[in-house]
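Close look at the chain arrangement
Chain by chain, the residues run as shown.
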Amino acid sequence: MSARPKIVLALGGGVARGWAHIGVLRELEKAGLAPDAVCGTSIGALIGGLYLAGKLDALELWARSLTQRRMLGLLDFTIGGSGLFGGKRLAAQLEEQIGSTCIEMLNRPFVAVATELDTGREVWLREGSLIQALTASYALPGVFSPIKQDGRWLVDGALVNPCPTSVARAFGGHVVVAVSLHSDLLGAPDDPPPTNPATVSSEHEGASALSRWLRPDRMILQKIFADRPDGPALSSVMVGALNILLDRLTRARLAGDPADVLIAPHVARIGLVEFHRAAETIDLGAQAAREAVPLIRHALSTLKA
């Protein structure tokens, strides 16, 4: 009996919307369609790497426990650094889970996509420290400090390849399944209105909500996170600009190298910094994956025929 065609999963970037990847992975496992390899960008790399390291349960438990206050506690604000936050507290959380694990030690092939800061080149991290690869892949410029590896400074891979179908295909995917978190930015036309508007925040509200937990005497942070009567805060502008960048670049890259099956969770109503809405976001990912399962089965059967 011939082996099943190889499924390679491409997990896209999307900041807090990335929790949807957890739901996708759960549903693919349940359907007997676990990927043979995983490629990820930014939070897609983070979740894909932890999944292959056997830490998905711990990650989901942690994600569901997050509140706005707990999330702020993980952000180590720095003055004079190359990023708004140093990222050491988040890295310490990762180290607790995966320690000195190397990519070569994972049970299936894995690639994290990063960007070389000096040249703008796309970098595929497929060996060495897993923690270093993950932190480089999500090192959003201006937010987290770049990661130095092999003499080069690396930043967020979403700047060059926000949904890495090209990487998945290069690594031998017979069926490339992509999870894009930027194919639904305006919402589906038939999406029902939220049943509880008080629980739904816009991008603008999601960024400025952080200001609720800031001490009044920390004026620098107030200027960054607190919106003003005459215009949005720096954080609101950054989040809005990132949204536009990821939307346009994702569409362009997917048009040039489309997936065999595209999973596009309806996450438009989840703000990029609303990490505390993990339960809702995971469910949206699971729903989208369930709808895609017949398409994946069809692609597999077509290749076998």
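Residues numbered from 1 in each chain as written. Predicted model: local features only at pLDDT ≥ 70, side-chain atom pairs only at ≥ 80, totals over all residues. Heavy atoms only, no water.

Concerning the confidence of the model for the chain
- With 74% of its residues at a pLDDT of at least 70, the chain reaches an overall mean of 81.
- Confidence, expressed as mean pLDDT per element, reaches its minimum in the chain at helix H8 (residues 203–208) with 46 and its maximum at helix H1 (residues 20–30) with 98.
- For residues 187–217, every residue scores under 50 in pLDDT, and the model assigns this stretch 48 contacts once sequence neighbours within four places are set aside. (pLDDT = per-residue confidence, 0-100. Helix = DSSP H or I, 4+ residues; strand = E, 2+ residues; numbered from the N terminus. Contact = heavy atoms within 4.5 Å.)

Re the pairing of strand S4 (residues 110–116)
- Most of S4 sits inside the fold, with seven of its seven residues counted as buried.
- Where S4 lies against strand S5 (residues 122–125), four bridges are found, and the strand directions are antiparallel. Bridging across to S5, Thr115 finds its partner in Glu122.
- The turn joining S4 and S5, which pair antiparallel and follow one another in sequence, is formed by five residues; a positive phi near 80° is taken by Gly120.
- Across three bridges, the pairing between S4 and strand S8 (residues 152–156) is antiparallel. In the sheet register, Ala114 faces S8, and the bridge partner there is Asp156. (Buried < 20%, exposed > 50% of the residue type's maximum accessible area, 1.4 Å probe, protein only. Pairing = 2+ DSSP bridges.)

Some points on the nonpolar core
- Counting 68 residues, the largest nonpolar core has Leu9, Trp19, Ile47, Phe110, Leu125, Val177 and Ile296 as the members making the most contacts within it.
- In terms of residue count, the dominant contributor to this core is helix H11 (residues 278–304) (ten residues).
- Excluding residues that lie within four positions of it along the chain, Trp19 makes contacts with Ile43, Ile47, Leu59, Trp62, Ala63, Leu66, Phe275, Ala278, Thr281 and Ile282.
- Grouped together as the second largest cluster of nonpolar side chains are 13 residues, Val8, Val111, Val167 and Ala168 included. (Core = buried A, V, L, I, M, F, W, Y, C linked by side-chain atoms within 4.5 Å.)

Looking at the packing of aromatic side chains
- Taken as a whole and judged by the stated rule, the model has three aromatic pairs.
- Measuring from ring centre to ring centre gives 5.8 Å for Trp124 and Phe171, while their planes differ by 55°; the resulting arrangement is tilted. Remark: Phe171 occurs in the loop between helix H7 (165–170) and strand S9 (175–179) and Trp124 occurs in strand S5; sequence separation between them is 47 residues.
- Among the aromatic residues, those joined into a ring-pair cluster are Trp19, Trp62 and Phe275. (Phe/Tyr/Trp six-rings, centres within 6.5 Å; stacked < 30°, edge-to-face > 60°.)

Re helix H6 (residues 130–137)
- Within H6, seven of the eight residues are buried, leaving the element largely enclosed by the surrounding structure.
- Of all the positions in H6, only Leu130, Ile131, Ala133, Leu134, Thr135, Ala136 and Ser137 are classed as buried.

Considerations on the pattern of salt bridges
- This model, assessed by the stated rule, comprises twelve salt bridges.
- Residue Arg4 is joined to Asp36 by a salt bridge in which the shortest nitrogen-to-oxygen separation is 2.7 Å. Here Arg4 is found in the segment before strand S1 (7–11), whereas its partner Asp36 is found in the loop between H1 and strand S2 (37–41), with 32 residues between them in sequence.
- Of the residues examined, Arg4 reaches a relative accessible area of 29% and is grouped as partly exposed.
- Between Arg64 and Glu60 there is a salt bridge whose closest N-O contact spans 2.9 Å. With a gap of four residues between them, Arg64 and Glu60 both fall in helix H3 (residues 56–65), about one helical turn apart.
- The exposure class of Arg64 is partly exposed, given its relative accessible area of 40%.
- Linked by salt bridges that have partners in common, Arg26, Asp57, Glu60 and Arg64 make up one network. (Salt bridge = Lys/Arg side-chain N within 4 Å of Asp/Glu carboxyl O.)

Some details on the packing of helix H2 (residues 43–52) against H6
- One can describe the packing of H2 onto H6 by two numbers: an axis separation of 7 Å at closest approach and a directional angle of 160°. Viewed along their axes, H2 and H6 adopt a mutual orientation that is roughly antiparallel. Where H2 crosses over H6, the handedness of that crossing is left-handed. Within the contact between the two elements, H2 uses Ala45, Leu46 and Gly49 and H6 uses Leu130, Leu134 and Ser137. (Axes fitted to C-alpha atoms, helices over the stretch in contact; angles between N-to-C directions. Parallel < 35°, antiparallel > 145°, perpendicular 65-115°, else oblique. Left-handed = near helix turned anticlockwise from the far one by under 90°.)

Structural notes on the pairing of S9
- For S9, the buried fraction is high: five of the five residues fall into the buried class.
- Both faces of S9 are covered, namely the face carrying Val175, Val177 and Val179 and the face carrying Val176 and Ala178.
- Of the strand pairs in this sheet, S1 and S9 are connected by five bridges, and their pairing is parallel. Among the inter-strand pairings, Leu9 is bridged to a residue of S9, identified as Val177.
- Examined bridge by bridge, S9 and strand S10 (residues 261–263) share three bridges and lie parallel to one another. In the strand pairing of S10, Val177 is matched with Val261.

Topic: the environment of Val160
- If you trace the backbone, Val160 turns up in the loop between S8 and H7.
- Each C-alpha atom of the pair Val160 and Glu116 lies 9.6 Å from the other, and the pair is 44 residues apart in sequence.
- Those residues within four positions of Val160 in sequence are excluded, and the remaining contacts are Ala114, Thr115, Gly120, Glu122, Leu249 and Arg253.

Quick word on the side chain of Thr165
- Tracing the chain through its elements places Thr165 in helix H7.
- Exposure remark for Thr165: the relative accessible area of 2% places this residue in the buried category.
- There is a polar contact of 2.7 Å between the side chain of Thr165 and the backbone oxygen of Asp257.
- Apart from the residues lying within four places of it in its own chain, the contact partners of Thr165 are Ala10, Val176, Ala178, Leu254, Asp257 and Ala259. (Polar contact = N/O pair within 3.5 Å; in protein donor to acceptor, adjacent residues only side chain to side chain.)

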